[in-house]
Amino acid sequence: MPAPNRNAPFHFGVATSSYQIEGAVHQDGRGPSIWDRFCQEPGRIIDGSDGSVACDHYHRYPEDVALMRELGVSAYRFSVAWPRLFPEGRGKLNRAGLAFYDRLIDALLEAQITPFATLYHWDLPLALQERGGWLRRETALAFADYAAAVAGALGDRLRWYSTLNEPWVSAFVGHLTGEHAPGTQNLAAAVSAAHHLLLGHALAKQAVKAQGDHQVGIVLNLSTVYPGTERPEDQAAAQRVDAYHNGWFLDPLLRGSYPKIFGETPIPIQDGDLEEIQKPLDFLGVNYYRKTVVTASESGLLRARYLPGVGEVTQMNWEVSPEGLYDLLLRLGQETGGKIPLYITENGAAYHDELVGGRVDDPGRVHFLQVHLDAVQRARRDGAWVGGYFAWSLMDNFEWAYGYSRRFGIVYVDYATQKRVPKSSYAWYQRYIAEQRRLEAR
Ligand code: FCB
């Protein structure tokens with residue numbers, strides 16, 4: 001496949017992830033993941049729910065692909081569930097689990113939708129967690145073996161691979177705040193997990209590229225961090241928070257070093273790791289939801305206070321901030337020397353959606369998508385190399401610790417019947433994509 005260039009057609013897509021939509025957790029030999037276990041622990045998930053049925057996408061994928069075809073997207077970002085392919089995390093490939101992705105990819109290609117696969121969207125095989133999970137280097141090696149198996153089996157049709165989704169969340173929300181699986185609360189564990197995740201990324205990237213001419217990148221959740229005032233101490237706080245949220249992964253990937261924000265906390269780096277991690281990416285995936293505003297504080301790990309959103313906020317209380325995305329894209333253009341295409345791999349919002357008379361009207365989400373897509377187009381005009389935009393999410397789904405209490409879809413899912421109802425944001429995005437295609441064709 002020729003390397004993408006700045007003139008390649010822009011992809012408009014939608015995104016999902018395996019545990020959030022598939023359900024069918026016991027089917028065709030899938031092994032348990034850390035999220036199956038985490039959901040069973042009382043108090044972990046706001047509504048006590050889990051992903052065992054979710055959107056039943058495992059069975060209903062033909063209908064979901066038809067919705068995407070109708071929408072007019074040219075790309076779909078989904079994730080492959082590691083425990084479907086390797087129920088024990090490593091060892092013998094489970095062909096029945098793999099067959100699901102075979103079917104899905106065929107259906108996508110048939111609908112002229114380019115598959116963008118994420119290899120790890122947080123559903124670590126439980127068997128690996130029981131041996132230490134991301135605190136062990138072996139997990140990174142197992143991840144590379146799994147990645148090689150995916151590319152080996154699907155690489156004739158699958159060309160786009162993201163190794164990890166939001167390793168910052170896996171490391172720090174999974175191991176420091178403990179709000180996500182595996183639910184650990186320990187800084188040294190988080191830092192160790194972060195390094196092993198990055199090592200896993202590097203090894204998996206190598207393994208996938210060894211299988212063919214593939215495009216391999218990583219997906220980071222990034223946010224522009226602004227100081228609450230111009231005071232020097234607030235600016236310094238913003239720099240610390242930026243180093244934590246953005247620099248912790250951008251620095252090793254782009255510059256081969258970690259920010260020095262956690263004092264003596266040891267990072268389990270071995271010789272050669274940082275060289276591998278720093279090898280060039282084919283693309284950088286950016287998940288963007290909100291900006292971050294902080295002031296200095298006397299307490300806390302980063303001695304920073306996060307200010308609540310002002311103005312318009314979504315149901316998550318995240319401030320609607322397209323300028324944060326614009327600033328981020330220009331900054332990343334600079335940091336990557338303009339050499340790596342950026343993909344907005346997730347962007348979207350939760351609102352209180354209601355099904356009324358068979359319809360879901362979601363003007364808040366329409367506005368959110370519109371202003372963020374405008375920001376992307378503005379950043380492109382001002383020089384940022386952006387290759388595509390994926391709305392999060394195709395449909396409402398299992399929103400991790402929030403269970404089913406937050407709806408991010410442009411398609412409403414009635415969980416009792418599994419009926420899909422396209423929201424007004426779906427119709428809006430459909431028109432937007434068609435209009436962009438008309439403009440491109442001129
Ligand atoms: C991101 C996750 C995605 C979804 C959105 C709302 O952090 O990657 O799975 O939960 O947030």
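Everything that follows concerns the structure shown earlier in this document.
So, here's what we can say about the structure. Residue numbers restart at each chain and count upward from 1, following the sequence in its written direction. The predicted nature of this model means local features are confined to residues of pLDDT at least 70 and side-chain atom pairs, given and counted, to a pLDDT of 80 or more, with totals for whole chains, interfaces and linings taken over all residues. Heavy atoms throughout the structure, all of them, feed into the side-chain values; hydrogens and water do not.

### Notes on the overall build of the chain
Looking only at helices and strands, the chain features 14 helices and 13 strands. Computed over C-alpha atoms, the radius of gyration of the chain comes to 21 Å, within 12% of the 22 Å expected from 2.2 N^0.38 for 442 residues, which places it in the range of a compact globule. Based on the C-alpha atoms only, the size of the chain along its principal axes is roughly 55 × 50 × 50 Å. Here the chain, with 442 residues, has 62% of them falling under the buried criterion. A contact between two residues is defined here by any heavy atoms of the two lying within 4.5 Å. For the chain, the share of sequence-separated contacts (at least 6 apart) that also reach a separation of at least 24 residues comes to 77%. Here the Shrake-Rupley method, with its probe set to 1.4 Å, supplies the accessible areas, and only the displayed protein chains count as covering residues. Accessible area of the chain: about 17,100 Å², with a carbon and sulfur share of 50%. When charges are counted, Lys and Arg are positive and Asp and Glu negative, with His and the chain ends excluded. Just so you know, the charge point we use is NZ for Lys, CZ for Arg, CG for Asp and CD for Glu. Here the chain contributes 44 positively and 51 negatively charged side chains, and the mean placements of these two sets differ by 3 Å. Only DSSP runs of H or I covering at least 4 residues are called helices, and only runs of E covering at least 2 are called strands; the numbering of each starts at the N terminus. All radius of gyration figures rest on C-alpha atoms, and the globule criterion is 2.2 Å times the number of residues raised to 0.38. Buried, partly exposed and exposed residues are distinguished by accessible area as a fraction of the type maximum, computed with a 1.4 Å probe on protein chains only: under 20%, between the cut-offs, and over 50%, respectively.

### A closer look at the packing of helix α8 (residues 167-175) against helix α9 (residues 187-209)
Here, axes are lines fitted to C-alpha atoms. For helices the fit covers the stretch in contact, and angles between N-to-C directions go from 0 to 180 degrees. α9 packs onto α8 with a crossing angle of 160 degrees between their chain directions and a minimal axis gap of 8 Å. Here α8 lies roughly antiparallel to α9, going by the angle between them. For the pair α8 and α9, the crossing hand works out as right-handed. Counted together, P167, S170, A171, F172 and H175 of α8 and L187, A189, A190, A193, A194 and L197 of α9 form the full contact between these two elements. Three classes are used: nonpolar for Ala, Val, Leu, Ile, Met, Phe, Trp, Tyr, Cys and Pro, charged for Asp, Glu, Lys and Arg, and polar for all others, with Gly counted as polar. Here the contact of α8 with α9 is composed, by residue class, of nine nonpolar, two polar and no charged. Angle categories: roughly parallel below 35 degrees, roughly antiparallel above 145, roughly perpendicular from 65 to 115, and oblique for all the rest. Each crossing is labelled by how the near helix is turned from the far one, with a counterclockwise turn of less than a right angle marking it left-handed and a clockwise turn marking it right-handed.

### Some words on the nonpolar core
In these notes, a set of buried Ala, Val, Leu, Ile, Met, Phe, Trp, Tyr and Cys residues joined through side-chain atoms within 4.5 Å is what counts as a nonpolar core. Residues V14, W35, W82, Y120, F172, L284 and Y429 are the most contacted members of the largest nonpolar core, which totals 130 residues. Per element, the largest residue contribution to this core is 10 residues, and it comes from α9. Setting aside its immediate chain neighbours within four residues, W82 contacts G89, Y120, D123, L124, P125, L128, W134, T139, A142, F143 and Y146. Judged by nonpolar contacts, the second largest core, of 13 residues, contains A15, Y289, A350 and F408.

### Focus: the layout of surface pockets
Cavities and pockets are defined on a 1 Å grid built over the protein atoms alone: a cavity is a set of grid points where a 1.4 Å probe fits but cannot escape, while a pocket is an open set with protein on both sides within 12 Å along at least five of seven lines, and lining residues are those with an atom within 4 Å of any such point. Grid points are joined across faces, edges and corners, and a volume is the space filled by probe spheres set on the points. Of the volumes computed, that of the largest pocket is approximately 1,200 Å³. Of all the secondary-structure elements, those providing two or more residues to the lining of the largest pocket are α8, α10 (232-255) and β8 (292-296). When its residues are assigned to classes, the lining of the largest pocket shows 22 nonpolar, 13 polar and eight charged.

### Digging into unusual backbone geometry
Residue P182 is bonded to the preceding A181 through a cis peptide linkage, with omega at 10 degrees. A cis geometry characterises the amide bond from W392 onward to S393, with omega recorded as 15 degrees. As for its placement among the helices and strands, S393 is situated in the loop between β11 (386-392) and β12 (411-414). With a phi angle near 50 degrees, A24 is a residue other than glycine that sits in the positive phi range. Mapped onto the elements of the fold, A24 is located in the loop between α1 (18-21) and α2 (34-40). A24 gets classed as buried once you look at its relative accessible area, which sits at 11%.

### Some words on the sheet that holds strand β1 (residues 11-15)
In short, DSSP must find at least two bridges between two strands for them to pair. Here eight strands make up a closed barrel; going around it, the order is β1-β2-β3-β4-β5-β7-β10-β11 and the pairing parallel. The sheet shows a mean angle of 25 degrees between the axes of neighbouring strands, taken without regard to direction. Where strand β5 (residues 215-221) lies against strand β7 (residues 283-287), five bridges are found, and the strand directions are parallel. By the bridge assignment for β7, L220 is matched with V286. Along the sheet face, α8 touches β3 (114-120), β4 (160-165) and β5 and points at about 40 degrees away from the line of β5.

### Some points on the site of the ligand
By convention in these notes, a residue is near a molecule or strand provided one of its non-hydrogen atoms lies within 4 Å of it. Taken together, Q20, H121, W122, N165, E166, N287, Y289, E346, W392, E399, W400 and F408 make up the full set of residues adjacent to the ligand. Counted as a polar contact is a pair of N or O atoms within 3.5 Å, where, for protein atoms, one must be capable of donating a hydrogen and the other of accepting one, and residues adjacent in sequence contribute only when both atoms are in side chains. Between an oxygen atom of the ligand and a side-chain N or O atom of Q20, the distance comes to 2.7 Å. Between the ligand and H121 there is a distance of 2.8 Å, counted from an oxygen atom to a side-chain nitrogen or oxygen. Among the cavities detected, the one that contains the ligand is the largest pocket. Of the residues assigned to the shell around the ligand, the class counts are five nonpolar, four polar and three charged. In this description, a molecule resides in a pocket or cavity if more than half of its atoms sit within 2 Å of the grid points defining it.

### Details of empty space enclosed by the protein
Think of a ball as big as a water molecule: rolled over the atoms, this probe shows where empty space is left. Evaluation of the coordinates by the stated rule reveals four cavities of 30 Å³ or more. In this model, the largest cavity occupies a volume close to 70 Å³. For the largest cavity, the full set of lining residues is I34, W35, Y120, W122, W134, V169, S170, G174, H175, H180, A181 and P182. Those elements that provide at least two residues to the lining of the largest cavity are α2 and α8. The greatest single-element share of the lining of the largest cavity, amounting to four residues, is contributed by α8. Across the lining of the largest cavity, the residue classes tally to eight nonpolar, four polar and no charged.

### Some points on helix α3 (residues 57-71)
A helix is expected to span 1.5 Å for every residue after the first. With 15 residues, α3 extends just 17 Å between its outermost C-alpha atoms, more than 12% less than the 21 Å of an ideal straight helix rising 1.5 Å per residue. One axis is fitted to the seven residues ending at the residue and one to the seven starting there. The bend at that residue is the angle between these axes. Along its length, α3 reaches its greatest deviation from straightness, about 35 degrees, at E63. Buried within α3 we find H57, Y58, Y61, D64, V65, L67, M68 and L71. Backbone geometry just after α3 places G72 at a positive phi near 95 degrees.

### A short note on the environment of A66
Inspection of the secondary structure puts A66 in helix α3. Residues A66 and F116 lie 50 residues apart in sequence; the distance between their C-alpha atoms is 17 Å.

### Thoughts on the pattern of salt bridges
The working definition used for a salt bridge is a side-chain nitrogen of Lys or Arg within 4 Å of a carboxyl oxygen of Asp or Glu. Within the structure shown, the criterion is met by 30 salt bridges. Note that R37 is salt-bridged to E130, the shortest N-O span being 3.3 Å. Here R37 is found in helix α2, whereas its partner E130 is found in the loop between α6 (126-129) and α7 (137-154), with 93 residues between them in sequence. With a shortest N-O distance of 3.0 Å, D234 and R231 are connected by a salt bridge. On the basis of relative accessibility, which here comes to 0%, the residue D234 falls in the buried class. Looking at R231, the relative accessible area reads 40%, which means it is partly exposed. Here the residues in one salt-bridge network are D353, D362, R365, D396, R407 and K423, joined through shared partners.

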